[in-house]
Amino acid sequence: MAQLVVVSNRVAIPDKNGKARAGGLEVAVKAALKQKSGIWFGWSGKVATHTKIAAQPVVHDRITYITLDLSKEDHQEYYNGFTNRVLWPILHYRVDLAEFSRRDLSGYLRVNDHFARALHEILGPDDLVWVHDYHLMPLAKALRERGHKNRIGFFLHIPCPPPEILTALPNHERLIPSLCEYDLVGFQTGDDAFNFSRYLTRECGLHSHDFNFVLADRTMRVGVFPVGIETATFARLAQRAVRSPYVRRVIDSLTGRALIIGVDRLDYSKGIAQRLSAFERFLQTQPDWRGKVTYLQIAPKSRTEIPEYADIEQEIGAAAGRINGAYGEADWTPIRYINRAFGHSTLAGLYRAAAVGLVTPLRDGMNLVAKEYVASQNADDPGVLILSRFAGAAQELKAALLVNPYDPDSVAAAIGQALSMPLAERRERHDSLFRVLSHNDIKHWAESFLTALEREPEVPSQLEQMPAVGLQ
């Protein structure tokens with residue numbers, strides 16, 4: 001019987017109480033697998049002491065979770081090395097931060113081959129395969145080499161830069177064209193899809209029609225599928241959570257001050273340092289707001305083994321301390337800076353309590369925090385979203401205050417505008433944003449991608465007659 005097989009770097013196996021991590025990918029995968037049984041396959045998150053990678057199946061609520069441990073060497077080269085020190089910075093337009101080694105590339109390809117070898121044992125001929133994110137770009141090629149002709153789709157959750165940047169990736173001519181082994185390659189925005197398509201045209205000489213690319217033996221389609229959230233569910237959660245004891249304590253501690261909130265993983269792509277500079281500029285240029293507003297920045301640590309992340313942690317901590325020292329009073333701390341994660345319920349309540357959501361990444365594939373903030377708001381008295389124009393979400397959330405995160409003066413002005421915005425304008429903007437989120441929620445995203453993956457592409461006859469290009 002044909003089934004859906006979802007493949008991702010990490011797999012969120014439910015605990016004994018049936019609960020799993022509530023990250024964006026986890027919610028998306030559950031939405032895809034909710035309607036029918038299937039398999040979720042990937043890394044367990046464990047680094048094993050043994051060298052053999054054994055599959056470990058767990059069945060829960062009609063979903064079979066199959067995970068592999070990684071050896072210490074594979075984890076260092078595949079995960080800490082190539083994915084997070086080469087692919088992550090380059091795909092976020094930060095070529096200057098990429099540190100390439102052939103050993104790490106070898107580990108990246110080796111782990112993808114390990115995954116393909118394990119999948120080879122469980123894939124049926126009619127199974128639909130959906131692969132997620134930059135960790136697993138070569139996976140379809142490894143499966144094709146083992147004879148699998150399944151419909152295989154790939155979705156990139158992070159940005160795709162233009163070919164001028166992609167070609168800075170060492171061995172790009174080996175890695176990027178391997179995505180053509182998928183039947184459908186999905187992106188968050190039209191810009192990302194266009195960048196990838198331009199790479200295929202310029203570097204591979206492929207012909208296209210409406211994002212359909214003709215290969216030697218088949219056609220590969222490029223599509224745009226912006227990730228959503230569980231809009232209605234998150235809105236109900238926020239309505240309850242704002243009354244929770246913890247959120248009430250936070251609200252009471254503000255003593256009537258307006259709350260600005262930022263929630264980001266501690267990463268250089270999130271623009272937290274630039275955001276702090278913008279908030280400082282706001283305090284400088286609009287002194288009437290001093291003592292009347294508190295900025296809460298939640299930034300859980302991540303990838304602590306990587307030097308660049310230790311550097312950004314030190315930089316942001318120092319900046320927050322300096323701003324508080326310069327502008328704080330005995331009864332007021334301008335910035336509350338916290339380095340730990342909070343559950344979805346607590347975050348939903350804090351979002352709803354915040355007058356301003358400050359979401360200003362330097363570059364982001366989508367940014368679901370922006371969508372969660374909007375969904376959490378009280379429609380009768382909503383807060384205002386300030387959003388970086390370089391976040392994928394900006395393509396949909398045009399009623400937000402869109403800003404350039406590299407320009408502290410414009411972000412500072414937007415903070416003042418948001419705090420002073422009349423109720424009628426806030427309601428109008430929120431209504432527009434919420435309608436977008438309701439239409440393109442997480443269920444719609446999963447259904448639209450899988451429907452496109454199952455559908456054979458339609459290629460005009462004149463394009464079929466053109467010479468197809470084979471990839472090495």
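Anything mentioned here points back to the structure above.
All figures in this text were calculated on a predicted structure; none of them were measured in a lab.

1. A look at the pattern of salt bridges
A side chain with one charge can pair with a side chain of the opposite charge if their charged atoms come near.
Right, on to step 1. Taken as a whole and judged by the stated rule, the model has 28 salt bridges.
Right, on to step 2. The salt bridge partner of Arg275 is Asp264, with a shortest N-O separation of 2.6 Å. Here Asp264 lies in the loop between strand 11 (258-263) and helix 10 (272-285) and Arg275 lies in helix 10, a separation of 11 residues in the sequence.
Right, on to step 3. Given the relative accessible area of 1%, Arg275 is considered buried.
Right, on to step 4. Taken together, the salt bridges that share partners define one network made up of Arg144, Arg151, Glu181, Asp183, Asp217 and Arg218.

2. Brief notes about the sheet that holds strand 14 (residues 356-359)
Right, on to step 1. Pairing within the open sheet is parallel, and its six strands lie in the order 13-12-11-14-15-16. The open sheet has two edge strands, strand 13 (335-338) and strand 16 (401-403), and neither has a second partner. For this sheet, the mean inter-axis angle between neighbouring strands, taken without regard to orientation, is 20 degrees.
Right, on to step 2. By the bridge criterion, four bridges tie strand 14 to strand 15 (residues 384-388) in an arrangement that is parallel. Each residue of the ladder has a partner; that of Val356, found in strand 15, is Val384.
Right, on to step 3. The sheet strands contacting helix 10 are strand 11, strand 12 (293-298), strand 13 and strand 14, and the helix crosses strand 12 at an angle near 175 degrees.
Right, on to step 4. Helix-sheet contacts for helix 13 (residues 368-376) involve strand 11, strand 14 and strand 15, and the interaxial angle to strand 15 is about 170 degrees.

3. Topic: the packing of helix 10 against helix 11 (residues 307-327)
Right, on to step 1. With their axes 9 Å apart at the nearest point, helix 10 and helix 11 run at an angle of 10 degrees to one another. On the basis of the axis angle, helix 10 is roughly parallel to helix 11. Across from Ile272, Ala273, Leu276, Glu280, Leu283 and Gln284 in helix 10, the residues of helix 11 making contact are Glu315, Ile316, Ala319, Ala320, Arg322, Ile323 and Tyr327.

4. Overview of the packing of helix 13 against helix 15 (residues 423-439)
Right, on to step 1. Between helix 13 and helix 15, the shortest axis-to-axis distance is 9 Å and the interhelical angle comes to 115 degrees. Handedness of the crossing formed by helix 13 with helix 15: left-handed. On the side of helix 13, the interface is formed by Lys371, Val374 and Ala375, while helix 15 contributes His430, Leu433, Phe434 and Leu437.
Right, on to step 2. Here the contact of helix 13 with helix 15 is composed, by residue class, of five nonpolar, one polar and one charged.

5. Examining the packing of aromatic side chains
Right, on to step 1. A full pass over the atoms with the stated rule returns 21 aromatic pairs.
Right, on to step 2. Consider the rings of Trp40 and Tyr65, whose centres lie 6.0 Å apart with planes at 40 degrees: the pair is tilted. A residue pair is termed long-range when its members are at least 10 positions apart, and Trp40 in strand 2 (residues 38-48) and Tyr65 in strand 4 (residues 63-71) qualify at 25 residues. Residue Trp40 shares its accessibility class with Tyr65, and that shared class is buried.
Right, on to step 3. A ring pair is formed by Trp43 and Tyr79, whose centres lie 5.4 Å apart and whose planes are at 55 degrees; its orientation type is tilted.

6. Re the side chain of His172
Right, on to step 1. Mapped onto the secondary structure, His172 falls in helix 6 (residues 172-175).
Right, on to step 2. The buried category is assigned to His172, whose relative accessible area is 11%.
Right, on to step 3. Once residues lying within four places of it in the same chain are set aside, the contact partners of His172 are Leu166, Thr167, Pro177, Tyr199 and Glu203.

7. Description of the environment of Leu276
Right, on to step 1. Residue position: Leu276 is located in helix 10.
Right, on to step 2. Remark: the alpha-carbon pair of Leu276 and Phe225, spanning 51 residues in sequence, is separated by 32 Å.

8. With respect to the pairing of strand 5 (residues 128-132)
Right, on to step 1. With five of five residues buried, strand 5 is to be regarded as a mostly interior element.
Right, on to step 2. Neither face of strand 5 is left uncovered, since the one carrying Leu128, Trp130 and His132 and the one carrying Val129 and Val131 both have all their residues buried.
Right, on to step 3. Alignment of strand 1 (residues 4-10) against strand 5, held across four bridges, turns out to be parallel. When the bridges of strand 5 are listed, Val6 appears paired with Trp130.
Right, on to step 4. Two elements, strand 5 and strand 6 (residues 152-155), share four bridges in a ladder whose sense is parallel. Across the sheet, the residue bridging to Trp130 is Gly153, located in strand 6.
Right, on to step 5. Between the parallel pair strand 5 and strand 6, the chain is carried across by helix 4 (residues 139-144), and the sense of this crossover is right-handed.

9. Observations concerning unusual backbone geometry
Right, on to step 1. Positive phi, normally seen in glycine, also occurs at Asn171, with a value near 65 degrees.
Right, on to step 2. If you trace the backbone, Asn171 turns up in the loop between helix 5 (163-166) and helix 6.
Right, on to step 3. The backbone of Phe211 sits at a positive phi, close to 70 degrees, despite the residue not being glycine.
Right, on to step 4. Within the secondary structure, Phe211 is located in the loop between strand 8 (208-209) and strand 9 (212-214).
Right, on to step 5. Looking at Phe211, the relative accessible area reads 29%, which means it is partly exposed.

10. Quick word on the nonpolar core
Right, on to step 1. Counting 62 residues, the largest nonpolar core has Val7, Phe115, Leu139 and Phe196 as its most contacted members.
Right, on to step 2. Here this core gets eight residues from one element, more than from any other, and that element is helix 2 (residues 72-91).
Right, on to step 3. Among the nonpolar cores identified, the runner-up in size contains 36 residues, and Leu296, Ala354, Tyr373 and Ala393 belong to it.

11. Regarding empty space enclosed by the protein
Right, on to step 1. Across all of its chains, the model carries four cavities of 30 Å³ or more by this definition.
Right, on to step 2. As a volume, the largest cavity reaches approximately 70 Å³.
Right, on to step 3. In terms of lining, the largest cavity is formed by 14 residues, of which the most central are Gly383, Val384, Leu385, Arg429 and Leu433.
Right, on to step 4. For the lining of the largest cavity, the secondary structure elements donating two or more residues are helix 13, strand 15 and helix 15.
Right, on to step 5. By residue class, the composition of the lining of the largest cavity is nine nonpolar, three polar and two charged.
Right, on to step 6. The volume enclosed by the second largest cavity comes to roughly 50 Å³.
Right, on to step 7. Around the second largest cavity sit Leu91, Met137, Phe154, Leu156, Cys160, Leu166, Ile176, Leu179, Phe187 and Phe196, which together line it.
Right, on to step 8. For the lining of the second largest cavity, a count of residues per class yields 10 nonpolar, no polar and no charged.

What counts as what
- Residues numbered from 1 in each chain as written.
- Predicted model: local features only at pLDDT ≥ 70, side-chain atom pairs only at ≥ 80, totals over all residues.
- Heavy atoms only, no water.
- Salt bridge = Lys/Arg side-chain N within 4 Å of Asp/Glu carboxyl O.
- Helix = DSSP H or I, 4+ residues; strand = E, 2+ residues; numbered from the N terminus.
- Buried < 20%, exposed > 50% of the residue type's maximum accessible area, 1.4 Å probe, protein only.
- Pairing = 2+ DSSP bridges.
- Axes fitted to C-alpha atoms, helices over the stretch in contact; angles between N-to-C directions.
- Contact = heavy atoms within 4.5 Å.
- Parallel < 35°, antiparallel > 145°, perpendicular 65-115°, else oblique.
- Left-handed = near helix turned anticlockwise from the far one by under 90°.
- Nonpolar A, V, L, I, M, F, W, Y, C, P; charged D, E, K, R; others polar.
- Phe/Tyr/Trp six-rings, centres within 6.5 Å; stacked < 30°, edge-to-face > 60°.
- Right-handed = clockwise from strand over helix to strand, strands pointing away.
- Core = buried A, V, L, I, M, F, W, Y, C linked by side-chain atoms within 4.5 Å.
- 1 Å grid on protein atoms, 1.4 Å probe; cavity = no way out; pocket = protein on both sides within 12 Å on 5 of 7 lines; lining within 4 Å.
- Points joined across faces, edges and corners; volume = space filled by probe spheres on them.

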